[in-house]
Amino acid sequence: SQTIHQWPATLVQPVGSPLSLECTVEGTSNPNLYWYRQAAGRGLQLLFYSVGIGQISSEVPQNLSASRPQDRQFILSSKKLLLSDSGFYLCAWSPGGANVLTFGAGSRLTVL
Amino acid sequence: AQSVAQPEDQVNVAEGNPLTVKCTYSVSGNPYLFWYVQYPNRGLQFLLKYITGDNLVKGSYGFEAEFNKSQTSFHLKKPSALVSDSALYFCAVRPLDTGRRALTFGSGTRLQVQP
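Calculation rules
Counting of residues starts from 1 at the beginning of each chain's written sequence and follows it residue by residue. Whichever chain is written first becomes A and whichever ligand is written first becomes 1, with later ones labelled in order. Since the coordinates come from a predicted model, pLDDT governs what is reported: local features require at least 70, and pairs of side-chain atoms require 80 or more to be given and counted, while whole-chain, interface and lining totals use all residues. Each side-chain value is derived from all of the structure's non-hydrogen atoms; neither hydrogens nor water enter the calculation. What makes two strands pair is DSSP finding at least two bridges between them. Only DSSP runs of H or I with at least four residues qualify as helices, and only runs of E with at least two residues qualify as strands; both kinds are numbered from the N terminus onward. Simply put, an axis is a line fit to the C-alpha atoms, just over the touching stretch for a helix, and the angle between two N-to-C directions goes from 0 to 180 degrees. For this analysis, a salt bridge means a side-chain nitrogen from Lys or Arg found within 4 Å of a carboxyl oxygen belonging to Asp or Glu. Remark: exposure states derive from per-residue accessible area (1.4 Å probe, protein chains only) relative to the maximum for the residue type, with buried under 20%, exposed over 50%, and partly exposed in between. Any cysteine sulfur atom paired with another within 2.5 Å is treated as part of a disulfide.

> Just to check I follow, could you spell out the sheet that holds strand β3 (residues 19-26) of chain A for this structure?
The strands making up a sheet are joined through hydrogen bonds of the backbone, oriented either antiparallel or parallel. Residues and elements named next belong to chain A. The strand order across the open sheet formed by four strands is β1-β3-β8-β7, and the pairing between neighbours is antiparallel. Of all the strands in the sheet, just β1 (3-7) and β7 (65-70) have a single pairing partner and so form its edges. Strand-to-strand, the axes of this sheet are offset by a mean angle of 20°, without reference to chain direction. Bridging between β7 and strand β8 (residues 73-78) involves four bridges; their strand directions are antiparallel. Within the sheet, the bridge partner assigned to Q70 lies in β8 and is Q73.

This is how it looks when you write it as structure tokens:
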């Protein structure tokens, strides 16, 4: 069966520091991968999605970037964090051509 | 561009009573529609989806949703609410006719079921 792992679960970082959140999927190949951000426990904002290695689509220009160095690995990064980057970051995957997204457990980022 | 509206920030219902969580959508062409549930500090869990066919879709934990094309709605329902149904519920949409695979989510509705 397929599983999705996301880490770290919780992160507290000072303003201006770098960020790296990692997501990996097991039990499938060539998944579509997504990063969403949930601010204040409410709506989800799509940040990035990827349909293959090295293929990243950015939905909202901001202080973040994403990379997909391997088929089942999706990394969310920032060179310098802002206070506004605080939130709950969710990684998700879906099979190519299908539509149900399966989410990871999330990473809570607090920028101080 | 597609969008989803969940007009109620919170819905309160007594245990055993029927519940409805509202969702309307805007999308070019035909939609894929989804409901997800989120428990505190957790990722989202898939409940049900509408792709095509019967307008009434049945999903996990006794939930169902009715697709209404003329009203562009996809309301989530359950005949008898449980206290354990208390959570944050999200409606999501994806256009059927484009290559865009990502889902657009609504702002969420918090369901509170009182014992």
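Once the structure has been displayed, the description carries forward.
> I keep staring at the pattern of salt bridges and nothing clicks. Help me out?
Working definition: two side chains of opposite charge can pair if their charged atoms are close together. All names here are of chain B. Applying the stated criterion across every chain yields a total of five salt bridges over all chains. Ionic pairing is found between E66 and K77, a salt bridge with its closest N-O pair at 3.8 Å. Remark: K77 occurs in strand β9 (residues 73-78) and E66 occurs in strand β8 (residues 64-68); sequence separation between them is eleven residues. Looking at E66, the relative accessible area reads 38%, which means it is partly exposed. A relative accessible area of 30% places K77 in the partly exposed class.

> Honestly, the state of the cysteines in this entry has me stumped. Any pointers?
Throughout this description, disulfide means a covalent bond between two cysteine sulfur atoms. One pass over the structure, following the stated rule, counts two disulfides over all chains. The disulfide bridge from C23 of chain A ends at C91 of chain A, spanning 2.0 Å between sulfur atoms. Taking the torsion about the sulfur-sulfur bond, which here is approximately -75°, the covalent link between C23 of chain A and C91 of chain A counts as left-handed. Taken together, the residues span a long stretch of sequence, with C23 of chain A in strand β3 and C91 of chain A in strand β9 (residues 87-94) at a distance of 68 residues. The two residues C23 of chain A and C91 of chain A agree in class, both being buried. What pairs with C23 of chain B in a disulfide is C91 of chain B, and their sulfur atoms sit 2.0 Å apart. Here C23 of chain B and C91 of chain B share a disulfide; its torsion about the S-S bond, -65°, makes the bridge left-handed. In this pair, C23 of chain B sits in the loop between β3 (19-21) and β4 (24-26) while C91 of chain B sits in strand β10 (residues 87-95), placing the two residues 68 residues apart along the sequence. As far as burial versus exposure is concerned, C23 of chain B and C91 of chain B are alike and both buried.

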